[in-house]
Amino acid sequence: MELQNLVEQVSIEDFGLPFEHQAVWNNRLRTTGGLFYPKDCHLAFNPLMYQKLTSIQFRQIIRHELCHYHLFRQKKGFHHRDKDFKKLLAEVDGLRYSPRVIQKKYRVYQCQKCGHEFVRVRQIDVNRFRCGNCSGKLIYQMDRYL
Ligand SMILES: [Zn+2]
Ligand SMILES: [Zn+2]
């Protein structure tokens, strides 16, 4: 389901109020699940959380951001420290803090000859280690976080 539709659905089902602004993905979010922007009332979500968490947990992240959103629009305390926020968050069973998604750094190598990719946690000595398929030379490509 599209993010926009999902947020609109959670808003109606769990708050009984419409979400009338934009919900977008933000790849730059690392440890936070989502963010609320009071300036234009849009919400941003971390696509990594969506991939790694269960749909129930991700829904709780949406609820958290919608608490900011709806309280702000009702001119109530919409910050984490505010009583209104804590109360509404508890009512809708939102997530207090973003869960930690552990990301591990991998090194990606590619065979120059056959193009086969090798993903390893440890560094490979490319002078000694050759491709298992065609014994071609490996070259370092990039780091990938999985
Ligand atoms: Zn928050
Ligand atoms: Zn190869």
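Conventions used here
Residue numbers here run from 1 along each chain, matching the order of that chain's written sequence. Chain letters and ligand numbers both follow the written order, the letters beginning at A and the numbers at 1. Only residues with pLDDT of 70 or above have their local features reported here, since the model is predicted, and side-chain atom pairs are shown and tallied only from 80 upward, although totals for entire chains, interfaces and linings are computed over all residues. Each side-chain value is worked out from all heavy atoms of the structure, with water and hydrogens disregarded. Secondary structure is summarised from DSSP: a helix means a run of H or I of at least four residues, a strand means a run of E of at least two, and numbering begins at the N terminus for each. Three labels apply to residues, based on accessible area from a 1.4 Å probe with only protein chains included: buried if under 20% of the type maximum, exposed if over 50%, partly exposed otherwise in between. Just so you know, the count uses Lys and Arg for positive and Asp and Glu for negative, and it drops His and the chain ends. By salt bridge we mean one thing: a side-chain nitrogen of Lys or Arg within 4 Å of a carboxyl oxygen of Asp or Glu. We define a polar contact as two N or O atoms separated by no more than 3.5 Å, with the added condition that, inside protein, one atom must be a possible hydrogen donor and the other a possible acceptor, whereas residues neighbouring each other in sequence contribute only through side-chain atom pairs. Simply put, an axis is a line fit to the C-alpha atoms, just over the touching stretch for a helix, and the angle between two N-to-C directions goes from 0 to 180 degrees. If an angle is under 35 degrees, it is roughly parallel; if it is over 145, roughly antiparallel; if it lies from 65 to 115, roughly perpendicular; otherwise it is oblique. Throughout, a residue-residue contact means that at least one pair of heavy atoms, one from each residue, lies within 4.5 Å. Throughout, the ten residues Ala, Val, Leu, Ile, Met, Phe, Trp, Tyr, Cys and Pro are labelled nonpolar, Asp, Glu, Lys and Arg are labelled charged, and all others, Gly among them, are labelled polar. Here the coordinating atoms are restricted to nitrogen, oxygen and sulfur within 2.8 Å of the metal centre, or 3.2 Å for Na, K and Ca, and because water is not among them the sites may look incomplete.

Quick notes on the side chain of aspartate 82
With respect to the element layout, aspartate 82 can be found in the loop between helix 3 (55–73) and helix 4 (83–92). Although buried, aspartate 82 forms no salt bridge, and the nearest oppositely charged side chain, arginine 81, lies 4.3 Å from it. Of note is the side chain of aspartate 82, whose polar atom sits 3.2 Å from the backbone nitrogen of phenylalanine 78.

Section: the packing of helix 1 (residues 3–15) against helix 3
Contact geometry for helix 1 and helix 3: axes closest at 10 Å, N-to-C directions at 75°. With respect to each other, helix 1 and helix 3 are oriented roughly perpendicular. When helix 1 is examined against helix 3, the residues Leu3, Leu6, Val7, Gln9, Val10, Ser11, Glu13, Asp14 and Phe15 are found in contact with a partner set consisting of Phe58, Arg59, Ile62, Arg63, Leu66, Cys67 and His70. Split by residue class, the contact of helix 1 with helix 3 holds nine nonpolar, three polar and four charged.

Considerations on the coordination of the zinc ion (ligand 1)
For the zinc ion (ligand 1), the full set of protein donor atoms is His64 (NE2), His68 (NE2) and His80 (NE2), and the range of their distances to it is 2.0 to 2.1 Å. The exposure class assigned to histidine 68 is buried, which follows from its relative accessible area of 9%. Residue classification places histidine 80 among the partly exposed positions, given a relative accessible area of 38%.

Keep in mind that these numbers describe shape and distance, not what the molecule does.
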